[in-house]
Amino acid sequence: MNKALILANLHLHAVLPRLEELVKLDSEAKAIAQKLNLSIKFLVRGGPSVVLTFKDGNVTANTDGEGKADIGLLFLSCDQLNALFTGGKAIPIPYKGIIKIGAMKHFGKLTEMLTKYLKPSDEDMKDAAFRAKHVEMSLMTGLSGAITIAKYDTKMQKVVNHLPDGTILFSVLPDGPYANVSVERKNIIVKNGFIENSTTTLEMNGVDLAADMFADKLDTFAALGAGEIRASGLLTLGDEFNALVDRVSYYLV
Amino acid sequence: MSEYSFDKSVDMFTRATKVIPSGISGNKNPAFAVPGTFPYFAERGEGCKYWDVDGNEYIDYLLGYGPIVLGYNYKKIDEAADKQKKMGSAFNHPTERSVELAEKMVEIVPWADWAVFGRNGSDVTTYSIQIAREYTQKRKIIMAKGAYHGSHSWCTPGHGGLIDEDYRQVLSFTWNDATELEDLVKANEGDVAAIILTPYHHPAFADQVMPAPGFWADVRRICDENDIVLIADDVRAGFRLDIGGSGEYLGYKPDIACYCKAIANGYCMSSAVGRDKLKNAASKVFFTGTYYTSAIEIAAALATIEELQATNAIEHMMKMGTMLQEGLKAKAESHGLQVNITGPPTIPYMSFSNESNFRRSQLFSGEVAKRGAILHPHHNWFLSYSHKEADILKTLDIADECFGIVKKEFGS
């Protein structure tokens, strides 16, 4: 099992795509993103890639790495990329669009804001509005991260082999956020938003409870028994998928 | 029909979560049933009924997940246990009860030559694979996909606290697919120590599947041709199909069989029995636990087996189970609902035919519990000798009302 490869995949396919939610949830972030009408490709040699497209203040992340990019940044190794995300020094090689590289200062501001939401300070978490945004982004990070875990983490292959087909709706009550997962023959797709008639439903009773869950401060089975989390439908799907989500935090400490 | 509330159960659970991880661990955690419409804590039992901490009375078809085969608080068994209790239980040594029970096990299981005793099913399933490895000097274990053989690290369905090496030597195949099994054995030629199977397939969260004609004969042949020990995990079904073990009912003879659940009517006991050829290997496996030789439970097991024989309890359970199965099917059909009733009559399970996500089952089971019966939505049920016709009829009345609720919520 290549820990650096898994971590690089998580950074590019679970963390960085959260810019999609960031610019929707935070007006300051949106204003910055509006200055970035271009696309940036992050490419790791022997590892993952992603293309982030900024248009009119919105962001889309293409995690298969396909698509036109105005700026191309090459990381020579997974370790080099991971250093960038974990506070170390890492300077990628701009292999395309070097004349536009100045735009990266705006991008840097966005990633700082993203870090603020995904790794919040105790002070920030005192603010209810902030907590709600943190939960939405953490929910999508965890669920998206499960895709990487399922693909690359050999320890979790037993779980993957037991993963039944179906859809899961994750709801934070009373008003969201919502996210949904589709599993078909071990292939996992994660999307933001509500779906009807999910195979499995997991409802978390409030943003604060969800925040505790994502901070690994919650005894999930205790919460299920107490009715703070409500699970219904094909419980084995929820249980196996949550094992993958749980594993994400092993890497994204 | 009035509906129960579970306030004390929930309060007690909240109290428990402060000092017990998950509040209630494993499959007895409320998350595995229907949280909020199922009892969490029991208070007392009598016959086929028990009462929860809210004082709600239930006709029970889960029976402690199987052990209560004669009935809660069954006088003859408790008397045997009490008699031994007065003499003592946890000694430096086993008592004569151990020898008596081993003799009894060898007597009732026709092919068995020896017996040992543990406390839980996992004790003896793990012990059995160790014997197989010792006997064959091979590594791999084959089981059916989705089967449950206990909570030890080689077979637990859980996720926490495991490392790859725990289950690296455990392979699986699709139940009833003898060709897939044979291919798996060939692919691991010379390295398969044991095939461990339940008498029929009874995974949680799924319908039960009886063995296809010829399946067990194929398994036996594959084991014999490849020097593989055949282990029957009869922990759940043992003594509910035949007093000689489920192999007598289904027509197979394993090399080792594991029993627990019904062996002692609720006293914590398990047993492995085996053929003479494995006795030396068994003697080389260090098998012990602080309470493995405790005499109270062994006395209870002896009394339970004798009572099962004396009362012809299995035949009674078959009759009551058939009445329950047929009654549920008829009640469901009267509401325009289709249900699958699977497994033998003494260990039935019901699911709704037109769904795979258990939502109808969860609503049905929750509503049934609120009206005084326990029919688990995700796990097979059990009959006991204490279930009488009146209990089945009352259960069917409850089910009738609850099928109506399912129909109203989901349509057909």
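Given the structure is predicted, the values throughout are model-derived calculations rather than measurements.

Participant: Help me get a handle on the overall build of chain A, residues and values and all.
Facilitator: Along chain A, the regular secondary structure elements total 10 helices and 10 strands. Computed over its C-alpha atoms, the radius of gyration of chain A comes to 18 Å, within 12% of the 18 Å expected for a compact globule of 253 residues. Projecting the C-alpha coordinates of chain A onto the three principal axes gives extents of approximately 55 × 40 × 30 Å. Considering only contacts within chain A whose residues lie at least 6 apart along the sequence, 69% involve residues at least 24 apart.

Participant: An account of the overall build of chain B is requested, with residue identities and associated values reported.
Facilitator: Assigned secondary structure in chain B consists of 13 helices and 13 strands. A globule of 412 residues ought to have a C-alpha radius of gyration of about 22 Å, and chain B, at 21 Å, matches this closely. Principal-axis analysis of the C-alpha atoms gives chain B an extent of 60 × 55 × 45 Å. Every one of the 412 residues in chain B was classed for burial, and the buried ones make up 50%. Within chain B, residue pairs in contact and separated by at least 24 positions form 75% of the contacts whose partners lie at least 6 positions apart.

Participant: Which residues make up the sheet that holds strand β3 (residues 58-62) of chain A, and what are the values?
Facilitator: All names here are of chain A. With mixed pairing, 5 strands are arranged side by side in an open sheet as β3-β2-β1-β4-β5. Each of the sheet's edge strands pairs with one partner strand only, and the pair in question is β3 and β5 (93-96). Sheet twist, expressed as the mean angle between neighbouring strand axes with direction ignored, is 20 degrees. In this sheet, strand β2 (residues 49-55) lies alongside strand β1 (residues 39-44) in antiparallel orientation, the contact comprising 5 bridges. Bridge pairing links L43 to S49 in β2.

Participant: Summarise the domain arrangement of chain B; cite the residues concerned and give the values.
Facilitator: Residue and element names in this part refer to chain B. Under the domain assignment used here, chain B contains domain 1 (7-65 + 312-410) and domain 2 (75-311). Domain 1 and domain 2 are separated by 27 Å when their C-alpha centres are compared. Taken residue by residue, the interface counts 18 residues in domain 1 and 14 residues in domain 2. Secondary structure elements with two or more residues in the side of domain 1 that touches domain 2: α11 (313-334), β11 (339-342) and β12 (349-352). The element that contributes the greatest number of residues to the side of domain 1 that touches domain 2 is α11, accounting for 3 residues. A per-class count over the side of domain 1 that touches domain 2 returns 7 nonpolar, 11 polar and no charged.

Participant: Provide a residue-level description of the domain arrangement of chain A, including the pertinent values.
Facilitator: All names here are of chain A. Taken as a whole, chain A is organised into domain 1 (3-118) and domain 2 (149-251). Between the C-alpha centres of domain 1 and domain 2 there is a distance of 26 Å. At the interface, 7 residues of domain 1 touch 5 residues of domain 2. Considering only residue class, the side of domain 1 that touches domain 2 consists of 5 nonpolar, 1 polar and 1 charged.

Participant: How would you summarise the interface of chain B and chain A if you had to cite specific residues and measurements?
Facilitator: Contacts between chain B and chain A engage 23 residues on the former and 21 residues on the latter. When residues of the side of chain B that touches chain A are traced back to their parent elements, those giving at least two are α1 (7-17), α5 (164-167) and α12 (359-370) of chain B. Tallying contributions element by element places α1 of chain B first for the side of chain B that touches chain A, with 3 residues. The residue makeup of the side of chain B that touches chain A, split by class, is 10 nonpolar, 11 polar and 2 charged.

Participant: Talk me through the nonpolar core; I want residue IDs and the actual numbers.
Facilitator: Grouped together as the largest cluster of nonpolar side chains are 195 residues, with contacts concentrated most on A146 of chain A together with A194, I195, V229, I231, A300 and A301 of chain B. The element contributing the most residues to this core is helix α10 (residues 295-311) of chain B, with 10 residues. Leave out the neighbours within four places in its chain, and A146 of chain A touches I188, F241, L244, V245 and V248 of chain A.

Participant: Pulling in residues and values, what's your account of α1 of chain B?
Facilitator: Residues of α1 of chain B that are buried include every one of S9, V10 and F13 of chain B, and no others. With its buried residues spanning 95 degrees around the axis, α1 of chain B presents them on a single face. The outward face of α1 of chain B, more than 90 degrees from its buried face, is lined by the exposed residues D7 and R15 of chain B. Each element contacted by the buried residues of α1 of chain B is listed here: α9 (220-225) of chain A together with β2 (49-52) of chain B.

Participant: So what's going on with the packing of helix α6 (residues 178-187) of chain B against helix α7 (residues 215-225) of chain B? Residues and values would help.
Facilitator: Residues and elements named next belong to chain B. Close contact between α6 and α7 brings their axes to 10 Å; oriented N to C, the two are set at 10 degrees. In this view, α6 runs roughly parallel relative to α7, as classed from their interaxial angle. Within the contact between the two elements, α6 uses A178, L181, E182 and V185 and α7 uses F215, D218, V219 and I222. Grouping the constituent residues of the contact of α6 with α7 by class yields 6 nonpolar, no polar and 2 charged.

Participant: Help me get a handle on unusual backbone geometry, residues and values and all.
Facilitator: Residue L173 of chain A is joined to P174 of chain A through a cis peptide bond whose omega torsion reads 5 degrees. Here P174 of chain A is to be found in the loop between β6 (166-173) and β7 (178-184). The step from G176 of chain A to P177 of chain A runs through a cis peptide bond, and the omega angle for that step is 15 degrees. Relative to the elements of secondary structure, P177 of chain A occurs in the loop between β6 and β7. Of note in this structure, S22 of chain B is not a glycine but carries a positive phi near 70 degrees. Note on placement: S22 of chain B falls in the loop between α1 and β1 (42-46). At F358 of chain B, a residue that is not glycine, the phi angle is positive and equals roughly 70 degrees. Summarising the element assignment, F358 of chain B is placed in the loop between β12 and α12.

Participant: Give me the lowdown on the environment of K370 of chain B, citing residues and values where you can.
Facilitator: Residues and elements named next belong to chain B. By the secondary structure assignment, K370 is in helix α12. Linking K370 and T37, residues 333 residues apart in sequence, is a C-alpha distance of 6.4 Å. Once residues within four sequence positions are removed from consideration, K370 is found in contact with E3, Y4 and T37.

Participant: Summarise helix α6 (residues 128-152) of chain A; cite the residues concerned and give the values.
Facilitator: Every α-helical turn comprises 3.6 residues, leaving residues that sit three or four positions apart pointing alike. Over its 25 residues, α6 of chain A extends 36 Å from the first C-alpha to the last, a length consistent with the 36 Å expected when each residue adds 1.5 Å. Summarising burial for α6 of chain A: 18 of the 25 residues are buried, a large majority.

Participant: I'd love a proper account of the pairing of strand β5 (residues 140-144) of chain B, names of residues and values included.
Facilitator: Residues and elements named next belong to chain B. The buried fraction of β5 amounts to 5 of the 5 residues, a majority that puts the element mostly inside the structure. Of the two faces of β5, the one carrying K140, I142 and A144 and the one carrying I141 and M143 are both buried. In the sheet, β5 pairs with strand β6 (residues 170-173) via 4 bridges, with the strands oriented parallel. Across the sheet, M143 pairs through a bridge with S172, a residue of β6.

Participant: Please give an account of the pairing of β1 of chain A that cites residues and values.
Facilitator: Residues and elements named next belong to chain A. A large share of β1 lies buried, amounting to 6 of its 6 residues. Of the two faces of β1, the one holding S39, K41 and L43 and the one holding I40, F42 and V44 are both buried throughout. Counting the residues in the hairpin turn of β1 and β2 gives 4 residues, including G46, whose phi is positive at 75 degrees.

Calculation criteria
- Residues numbered from 1 in each chain as written.
- Chains lettered and ligands numbered in written order.
- Predicted model: local features only at pLDDT ≥ 70, side-chain atom pairs only at ≥ 80, totals over all residues.
- Helix = DSSP H or I, 4+ residues; strand = E, 2+ residues; numbered from the N terminus.
- Rg over C-alpha atoms; globule rule 2.2 N^0.38 Å.
- Contact = placed C-beta atoms within 7 Å.
- Buried ≥ 20, exposed ≤ 12 C-beta atoms within 10 Å, placed from the backbone.
- Pairing = 2+ DSSP bridges.
- Axes fitted to C-alpha atoms, helices over the stretch in contact; angles between N-to-C directions.
- Domains from an automatic or database assignment.
- Nonpolar A, V, L, I, M, F, W, Y, C, P; charged D, E, K, R; others polar.
- Core = buried A, V, L, I, M, F, W, Y, C linked by C-beta atoms within 7 Å.
- Arc of directions from axis to C-beta.
- Parallel < 35°, antiparallel > 145°, perpendicular 65-115°, else oblique.
- Expected span 1.5 Å × (residues − 1).

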